[in-house]
Amino acid sequence: MALIGWFLSFVGLFVGLALRQDMPVDGAATLSNLLIALAVLACPMAWQGKPLGISRGQRVVAALIMILSVPLVLLPAA
């Protein structure tokens with residue numbers, strides 16, 4: 001499970017940084033911020049001892065909300 005968290009963390013971070021640098025389209029900054037926040041939520045090392053009192057379930061729900069809100073971010077750009 002930690003391997004999946006690391007994979008999502010690195011993918012979210014790199015895609016967010018690439019989107020911020022290479023694709024200046026409408027909504028790219030918001031989508032980039034969502035992806036970088038997803039990388040922080042998915043990082044197993046940052047959440048090893050529940051530093052902010054946030055459980056794994058709450059992080060999963062926050063990540064799902066961010067993933068499902070992507071069409072709302074991209075809608076004005078279409």
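An account of the accompanying structure is given in this report. (Residues numbered from 1 in each chain as written. Predicted model: local features only at pLDDT ≥ 70, side-chain atom pairs only at ≥ 80, totals over all residues. Heavy atoms only, no water.)

**Things to note about the environment of Thr-30**
Here is step 1 of the chain: Tracing the backbone shows Thr-30 in helix α2 (residues 28-42).
Here is step 2 of the chain: Residue class for Thr-30 comes out partly exposed when judged on its relative accessible area of 43%.
Here is step 3 of the chain: Sequence separation between Thr-30 and Arg-20 is ten residues; the distance between their C-alpha atoms is 9.2 Å. (Helix = DSSP H or I, 4+ residues; strand = E, 2+ residues; numbered from the N terminus. Buried < 20%, exposed > 50% of the residue type's maximum accessible area, 1.4 Å probe, protein only.)

**So, the packing of aromatic side chains**
Here is step 1 of the chain: Per the counting criterion, the structure on display carries two aromatic pairs.
Here is step 2 of the chain: Summarising the aromatic geometry, the rings of Trp-6 and Phe-10 are spaced 5.9 Å apart at their centres and angled 25° between planes, so their arrangement reads as stacked. Of this pair, Trp-6 and Phe-10 both sit in helix α1 (residues 2-22), four residues apart, which is roughly one turn of the helix.
Here is step 3 of the chain: Arranged with centres 6.0 Å apart and planes meeting at 20°, the rings of Phe-10 and Phe-14 form a pair that is stacked. With Phe-10 and Phe-14 both in helix α1 and four residues apart, this pair spans about one turn of that helix.
Here is step 4 of the chain: By the ring-pair criterion, three or more aromatic residues cluster together here, those being Trp-6, Phe-10 and Phe-14. (Phe/Tyr/Trp six-rings, centres within 6.5 Å; stacked < 30°, edge-to-face > 60°.)

**So, the packing of α2 against helix α3 (residues 56-68)**
Here is step 1 of the chain: At their nearest, the axes of α2 and α3 sit 10 Å apart, and the two run at 160° to each other. It follows from the interaxial angle that α2 and α3 lie roughly antiparallel. Once α2 is placed against α3, the crossing between them reads as left-handed. Contacts from Leu-34, Ala-37, Leu-38 and Leu-41 of α2 reach α3 at Arg-59, Ala-62, Ala-63 and Met-66.
Here is step 2 of the chain: In terms of residue class, the contact of α2 with α3 is made up of seven nonpolar, no polar and one charged. (Axes fitted to C-alpha atoms, helices over the stretch in contact; angles between N-to-C directions. Parallel < 35°, antiparallel > 145°, perpendicular 65-115°, else oblique. Left-handed = near helix turned anticlockwise from the far one by under 90°. Contact = heavy atoms within 4.5 Å. Nonpolar A, V, L, I, M, F, W, Y, C, P; charged D, E, K, R; others polar.)

**Brief notes about the layout of surface pockets**
Here is step 1 of the chain: Of the voids in this model, the largest pocket is the one considered here, and its volume is about 550 Å³.
Here is step 2 of the chain: Lining the largest pocket are 20 residues, and of these Leu-41, Ala-42, Arg-56, Arg-59 and Val-60 lie nearest its centre.
Here is step 3 of the chain: Going through the elements one at a time, α1, α2 and α3 are the ones with two or more residues in the lining of the largest pocket.
Here is step 4 of the chain: Tallying contributions element by element places α3 first for the lining of the largest pocket, with six residues. (1 Å grid on protein atoms, 1.4 Å probe; cavity = no way out; pocket = protein on both sides within 12 Å on 5 of 7 lines; lining within 4 Å. Points joined across faces, edges and corners; volume = space filled by probe spheres on them.)

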